[in-house]
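Given next are the chains, with one letter for each unit.
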Amino acid sequence: MKIGFIGLGIMGKPMSKNLLQAGYELVVLDRNLAVVEEISALGATVATNPKEVAEQVEAVITMLPNSPQVKEVVLGENGVIEGAKPGTVVIDMSSIAPLVSREIGEKLAKKGIELLDAPVSGGEPKAIDGTLSVMVGGKQEVFDKYYAVMKAMAGSVVRTGDIGAGNVTKLANQVIVALNIAAMAEALVLAAKAGVEPELVYQAIRGGLAGSTVLDAKAPLVMDRKFNPGFRINLHIKDLANVLETSHEIGVSLPLTASVMEMMQSLKVDGLGDCDHGSLVKFYEKLANIEVKR
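What you are looking at is a predicted structure, and each value in this text was computed from that prediction instead of being measured.

## Here we look at the environment of L19
Here is step 1: Secondary-structure assignment places L19 in helix 1 (residues 12-21).
Here is step 2: You can call L19 buried: its relative accessible area is 0%.
Here is step 3: The sequence separation of L19 and A118 amounts to 99 residues, and the corresponding C-alpha distance is 16 Å.

This is how it looks when you write it as structure tokens:
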């Protein structure tokens, strides 16, 4: 199977490598020519625009920052929609607003093109080792046909409903991740300020009810003062903006999410937008005048 891959960023680059390793032929596109050259050296074909990608493949994967970029690449001038044949499938693995997924799906359907919205969770480490969690919206038969493609990049691939359901699930995921990181940061700053070694607190609680994947992924990095991005604050702000926009449209109040959003906005103003979302600890550290470290 020949697959297009548009968007070779922090997540897209390792995901595309895993597809190549699984034996799929790739046609790739990205504005970062150095990354394109790196993936090309592994055997991928290079295209110059999304239309050219779509003309050569039966499925196009997009991994882009947000809704406007996905709309531009899929529906814009020289977009995927102009090059794709009826029966082509677009698998959008970006994290975007569910209503935008549905809008894109409707426009593609008029040309006989299917859409799966299939955002991922797990950050760069899981993208590299191919154990991402993928949450998918779309027709069951399309999901079944392309399950193996998605599974080549993931440990878990679950269909949660029709188009848009994947991104609704991702919004729920991002709420839980953000609130978990904030809770971890709050607790470890409390421990450090009280004079208790954060590493010992972490080891004591990780096996109990307070333990979580987030705690195990982020607490060691925080204590080692490693804030290079697995997932940037700016990207989590984007996701929470989509969460709050969707919640307002459907009449759901999310007070904890709104609070963490304001914390992240504060960190962005402090120049930390491109740091890992584990940098939430710095919001609390500033208030308490303490650092969480080993």
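That shown, we press on.
## Description of the pattern of salt bridges
Here is step 1: Across all of its chains, the model carries 17 salt bridges by this definition.
Here is step 2: Of the charged contacts, one joins K293 and E291 as a salt bridge, the two residues approaching to 3.6 Å between their closest N and O atoms.
Here is step 3: Connected through shared salt-bridge partners, R225, E285, E291 and K293 make up one network.

## A look at the pairing of strand 6 (residues 114-117)
Here is step 1: For strand 5 (residues 89-92) and strand 6, the ladder comprises four bridges, and the chain directions are parallel. Its bridge partner being in strand 6, V89 is matched across the sheet by E114.
Here is step 2: Assessed by its sense of winding, the connection that carries the chain from strand 5 through helix 6 (residues 98-109) to strand 6 is right-handed.

## With respect to unusual backbone geometry
Here is step 1: Even without being a glycine, R225 presents a positive backbone phi close to 60 degrees.
Here is step 2: Topologically, R225 is positioned in the loop between helix 11 (213-223) and helix 12 (233-250).
Here is step 3: Notably, N289 is not glycine yet its phi reads approximately 55 degrees, a positive angle.
Here is step 4: Within the element layout of this structure, N289 appears in the segment after helix 14 (280-288).
Here is step 5: For N289, a relative accessible area of 66% corresponds to the exposed category.

## What to know about the pairing of strand 2 (residues 25-29)
Here is step 1: For strand 2, the buried fraction is high: four of the five residues fall into the buried class.
Here is step 2: Inspection of the sheet shows strand 1 (residues 2-6) paired to strand 2 by five bridges, in the parallel sense. Residue K2 lies in a different strand from strand 2, and its bridge partner there is E25.
Here is step 3: Each parallel crossover has a hand, and for strand 1 linked through helix 1 to strand 2 it is right-handed.
Here is step 4: Both strand 2 and strand 3 (residues 45-46) contribute to a ladder of two bridges, which runs parallel. By the bridge assignment, V28 is partnered in strand 3 with V46.

What counts and what doesn't
Residues numbered from 1 in each chain as written. Predicted model: local features only at pLDDT ≥ 70, side-chain atom pairs only at ≥ 80, totals over all residues. Heavy atoms only, no water. Helix = DSSP H or I, 4+ residues; strand = E, 2+ residues; numbered from the N terminus. Buried < 20%, exposed > 50% of the residue type's maximum accessible area, 1.4 Å probe, protein only. Salt bridge = Lys/Arg side-chain N within 4 Å of Asp/Glu carboxyl O. Pairing = 2+ DSSP bridges. Right-handed = clockwise from strand over helix to strand, strands pointing away.

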